[in-house]
Amino acid sequence: MFAVHLLAFHFTKLKEDQIKKVDRYLYHMRLSDDILLDVMSRFQAEMVKGLGRDTNPTATVKMLPSFVRSLPDGSEKGDFLAVDVGGSLFRAHQVKVFDGGKQSSQPDNKFYPTPKEVIQGNGAELFDYIADCLVDFMETKNLKHKKLPLGFTFSFPCKQTKLEEGVLLAWTKHFKVRGVQDTDVVSSLRKALQKHKDIDVDVFALVNDTVGTMMTCGYDDQHCEVGLIIGTGTNACYMEEMRHIDLVEGDEGRMCINTEWGAFGDDGALDDLRTEFDRELDLGSLNPGKQLFEKMISSLYLGELVRLILLKMTKEGLLFNGKVSTALLTKGKIEMKHVSAMEKYKEGLNNTKEILTELNLFPSEEDCIAVQHVCTIVSFRSANLCAAALAAILTRLRENKKLLRMRTTVGIDGGLYKTHPQYAKRLHKVVRRLVPNCDVRFLLSVNGSGKGAALVTAVAYRLAAQRKQIDAALAPFLMSLETLKEVKNKMRTELEYGLKRETQASATVKMLPTYVCGTPDGTEKGKFLALDLGGTNFRVLLVKIRSGRRRSVQMYNKIFAIPLEIMQGTGEELFDHIVQCIADFLEYMGIKGARLPLGFTFSFPCRQASIDKGTLVGWTKGFKATDCEGEDVVDMLREAIRRRNEFDLDIVAVVNDTVGTMMTCGYEDPNCEIGLIAGTGSNVCYMEDMKNIDIVEGNEGKMCINTEWGAFGDNGCIDNIRTKYDKEVDEGSLNPGKQRYEKMTSGMYLGEIVRQILIDLTKQGLLFRGQISESLRKRGIFETKFLSQIESDRLALLQVRRILQQLGLDSTCEDSIIVKEVCGAVSKRAAQLCGAGLAAIVEKKRENRGVERLQITVGVDGTLYKLHPHFSRVLQETVKELAPQCDVTFMLSEDGSGKGAALITAVAKRLHNVGQK
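Definitions and cut-offs
- Residues numbered from 1 in each chain as written.
- Predicted model: local features only at pLDDT ≥ 70, side-chain atom pairs only at ≥ 80, totals over all residues.
- Heavy atoms only, no water.
- Pairing = 2+ DSSP bridges.
- Helix = DSSP H or I, 4+ residues; strand = E, 2+ residues; numbered from the N terminus.
- Contact = heavy atoms within 4.5 Å.
- Axes fitted to C-alpha atoms, helices over the stretch in contact; angles between N-to-C directions.
- Expected span 1.5 Å × (residues − 1).
- Buried < 20%, exposed > 50% of the residue type's maximum accessible area, 1.4 Å probe, protein only.
- Polar contact = N/O pair within 3.5 Å; in protein donor to acceptor, adjacent residues only side chain to side chain.
- Arc of directions from axis to C-beta.
- Phe/Tyr/Trp six-rings, centres within 6.5 Å; stacked < 30°, edge-to-face > 60°.
- Lys NZ or Arg CZ within 6 Å of the ring centre and 35° of its normal.
- Salt bridge = Lys/Arg side-chain N within 4 Å of Asp/Glu carboxyl O.

J.: It is not clear to me how the sheet that holds strand 9 (residues 224–230) should be interpreted in this structure. Could you clarify?
T.: In sheet architecture, strand pairing relies on hydrogen bonds along the backbone and comes in two forms, parallel and antiparallel. The strand order across the open sheet formed by 6 strands is 1-11-10-9-12-13, and the pairing between neighbours is mixed. The open sheet is flanked by strand 1 (64–65) and strand 13 (438–444), the only strands paired with a single partner. As judged from the 5 bridges shared by strand 9 and strand 10 (residues 234–241), these two strands associate in the antiparallel manner. If you follow Ile-229 over to strand 10, its bridge partner there is Asn-235. Along the sheet, helix 6 (residues 209–220) makes contact with strand 9, strand 10, strand 11 (254–258), strand 12 (406–413) and strand 13, crossing strand 9 at roughly 135 degrees. Contacting strand 9, strand 12 and strand 13, helix 15 (residues 423–434) runs over the sheet at an angle of about 160 degrees to strand 13.

Next comes the structure, spelled out in structure tokens:
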């Protein structure tokens, strides 16, 4: 028993001694965590260089865009072919992809040898050989009669400008085919396939094997957004935000980036970590000075590294009694399969003895222990370096998503990872140590390069079909120049109808006289009250106007909410609520006893018989208070004040908010003769020559006309541009068949149009995985403010997804792109239609003045115009295009409905006083 213990102790001591000897000899290959974190930050810097347009030409890590923009979502289906070139064997595959949520894809493949004369011959021979293999495969599987799309896995660095094109940058691994570098490999394969007249195959996608690996694993795990190959070669890919990829146009969505990390260090960035053995191996390779990182990691080189180390140690008398065999001197005699066998847990030492004996080295027990440890150090360094670069990618992904902690999956393939007994465990452990804030699942890819290529092709097919459906849904929102000219001309016709006595009664654009006959001249002064009713909030303002050199307008206001039950209750309840708010304000300001002149901004269609009489034509914008339509709103306000019997006011003017907007801007710019509101509602007013207004007596001077253009189209004249979504929004509104133009152009309705489109696209399976959530069913959930936020250029898709999550919509990156596109189509059409209407007005003004070229200012207010990131620009561009003889200045109004109402009241008082004199 004692003898057994003694022997065990002797063996342990012997092992320790040999391990220490090798550790001392190869201490440069043993990398601490600090060194690995440094490698990680170096690789992060290289990634940034590779992504930048200016720095990419000199970057070693090329960060090649793959034009793969989407991961599988499970709805892909069909029969696909794939051919895989780049490993130790060629493979042809047939992949059947099933949908219906089953998410299973069935590969069927056949291997073909890679003869040396082909992989180191000329290009034509290589592609003819690939085509021959594919034809043989199709014959074997009885597929020659079928037209099938092909995914081409080509595991070498290619520069792509689209999915089905790739220019070879450089050969790697053991390939060195002449005449292929700097040419498009897809067109070369197509040419070779065209020689076979009996098959009909089109190359639909060029895929790197790393991308194929990610796609295969992404089919089984939606969290997979990184692909990693550790085999004959090594590489990684991941899903990068488009906004960071300078090499490709566009900022929306994500794209898979093929890092081509094998070339990391080709610029000397890893020289401090490369050993004499790495340098010797590189000098003897097919591509000296290239793929230096790959030469420290991949299975093609690790066996050779071990051989070079053993050779030097033997020459220095540290192994095999200093006796070098011919086999040890021969390049390629130790391969990765030998390294893996020697590192096996139990039989490793026996395997080592057998392998070394085959090399005629006659090892002692000490030699076997030392050689086994050399293998461990070489393969462990490989796993460490691989982990450091992968940690850099995972950190970038996490930072892109702005997460403190990230859950993700890495799809992984390659012979070294799969067959080495310790490699996977070591890699996982080091990655988790380097990025503790990432919860990483490593998913082994099954048939990644073949199935992956087919899946890329399947996803591309799905996206192309989806694109067609989305384009079809949004096509009616595209306004051609001809269509916009037609809208402008129809608007002009309707404006004329509204001004003529004989057609006014049946006109949809009512062209209501406001009895505002002047704009401010700067002499207005005094204290005025203003009321502003036109949306879900109601305001009361005290406005102090000073004239002369110290001309100024000071305002004090208070906002009051109008509850829905009052908006849609009785007229008496509504006006009692308004008077209650006025009483609160007068109390708050301490002016309850003063009888101040008041201007009442009432932003609904009114027919006026004088400046202080306004009969409500019809409610808009969600109001539906009873017993108001056909009544004078000034009388209703006076009666409510009498009912309260607390104070009295001099109601001088009832004002539309659009007129208030024009007056506010007119106070700053005398050239302002048009007011535009583009907010909750949509409307325009302008100063019309009295001689053109049949419905009011007199021909001298001008009067402001409130067009109430929101009703444009109520007679069916723009039915040709109304979509099914517009009709759904109209039918579900409080006033079906009314305000049709407003329902296509105003903030009150744009979000609802978007919601209807989203429901339709979801029903077609194009959004939200075909699931209509409860929140999406709710009318009004998609407010117009969300359109403005979603369309903001500063907003990344991640933030768009967060907005959608707030709405209870669980969206993918692709969903977010589609939602953004829908919002853009709806808001652009709104701005263009608004611009077409405005062009009709400015052209009318130009003709009224009888000038060749008109210079005019439009005062504008409304949240849609002010807050939407593109609305104002599109509207202005449309006006310029449709009214080229008009130079239109757009001036933002500051509080048209409050300040404007006070100014109208002040102007009315001034004109009244002048009349009395």
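J.: What is the right way to read helix 4 (residues 123–140) from this model?
T.: Every α-helix carries 3.6 residues per turn, so stepping three or four residues along brings you back to the same face. When the terminal C-alpha atoms of helix 4 are compared, their 26 Å separation across 18 residues agrees well with the 26 Å that a helix rising 1.5 Å per residue should span. All of the buried residues in helix 4 are Gly-123, Leu-126, Phe-127, Tyr-129, Ile-130, Ala-131, Cys-133, Leu-134, Val-135, Phe-137 and Met-138. Of the residues flanking the start of helix 4, the one acting as N-cap is Asn-122, its side-chain oxygen 3.2 Å from the backbone nitrogen of Ala-124. Just downstream of helix 4, Asn-142 is the residue with a positive phi angle, here 60 degrees.

J.: It is not clear to me how helix 5 (residues 185–194) should be interpreted in this structure. Could you clarify?
T.: For helix 5, every residue scored as buried is listed here: Val-185, Val-186, Leu-189, Ala-192 and Leu-193. Mapping the buried residues of helix 5 onto a view down its axis gives an arc of 125 degrees, with all of them on the same face. Facing away from the buried side of helix 5 by over 90 degrees, the exposed positions are Lys-191 and Gln-194. Buried positions along helix 5 lie against strand 2 (78–85), helix 4, strand 5 (147–154), strand 6 (158–159), strand 7 (167–168) and strand 8 (200–207).

J.: It is not clear to me how the pairing of strand 18 (residues 597–602) should be interpreted in this structure. Could you clarify?
T.: Most of strand 18 is tucked away: 6 of the 6 residues are buried. Side chains Pro-597, Gly-599 and Thr-601 project from strand 18 onto one buried face, and the interleaved Leu-598, Phe-600 and Phe-602 project onto a second face that is buried too. With 5 bridges connecting them, strand 15 (residues 526–533) and strand 18 associate as parallel partners. Looking at strand 18, one finds that Leu-533 is bridged to Phe-602. Here 5 bridges tie strand 18 to strand 21 (residues 650–655), and the two strands are oriented parallel to one another. Considered in strand 21, the bridge of Leu-598 is made with Ile-651.

J.: Explain the environment of Phe-575 to me, please; I cannot follow it from the model alone.
T.: Positionally, Phe-575 belongs in helix 20 (residues 571–589). Its relative accessible area of 1% is what places Phe-575 among the buried residues. Each C-alpha atom of the pair Phe-575 and Val-633 lies 9.0 Å from the other, and the pair is 58 residues apart in sequence.

J.: For this particular structure, what's the right way to read the packing of aromatic side chains?
T.: Each aromatic ring pair is specified by the distance between its two centres and by the angle formed by the two planes. In total, this model carries 25 aromatic pairs according to the counting rule given. Pairing Phe-152 with Phe-154 gives two aromatic rings, centres 5.4 Å apart and planes at 55 degrees, and the pair type is tilted. For the ring pair Trp-261 and Phe-293, a centre distance of 5.8 Å and an interplane angle of 85 degrees mean the geometry is edge-to-face. A residue pair is termed long-range when its members are at least 10 positions apart, and Trp-261 in the loop between strand 11 and helix 7 (276–283) and Phe-293 in the loop between helix 7 and helix 8 (294–297) qualify at 32 residues. One exposure class covers both Trp-261 and Phe-293, and it is buried. An aromatic cluster of three or more residues is present, and its members are Phe-152, Phe-154, Phe-156, Trp-171 and Phe-175. Over the aromatic face of Tyr-588 sits the side chain of Lys-558, whose NZ or CZ is 4.5 Å from the ring centroid.

J.: What's the story with the pattern of salt bridges in this structure? I'm lost.
T.: One pass over the full model with this rule turns up 66 salt bridges. With a closest N to O distance of 2.4 Å, Arg-396 and Glu-240 form a salt bridge. One end of the pair, Arg-396, is in helix 13 (residues 365–400); the other, Glu-240, is in strand 10, with 156 residues separating them in the sequence. Residue Arg-396 is classed as buried on the basis of its relative accessible area, which comes to 15%. A salt bridge links Glu-587 to Lys-592; the nearest nitrogen and oxygen atoms lie 3.0 Å apart. Residue classification places Glu-587 among the exposed positions, given a relative accessible area of 56%. Taking relative accessible area as the criterion, Lys-592 reaches 26% and is therefore assigned partly exposed.

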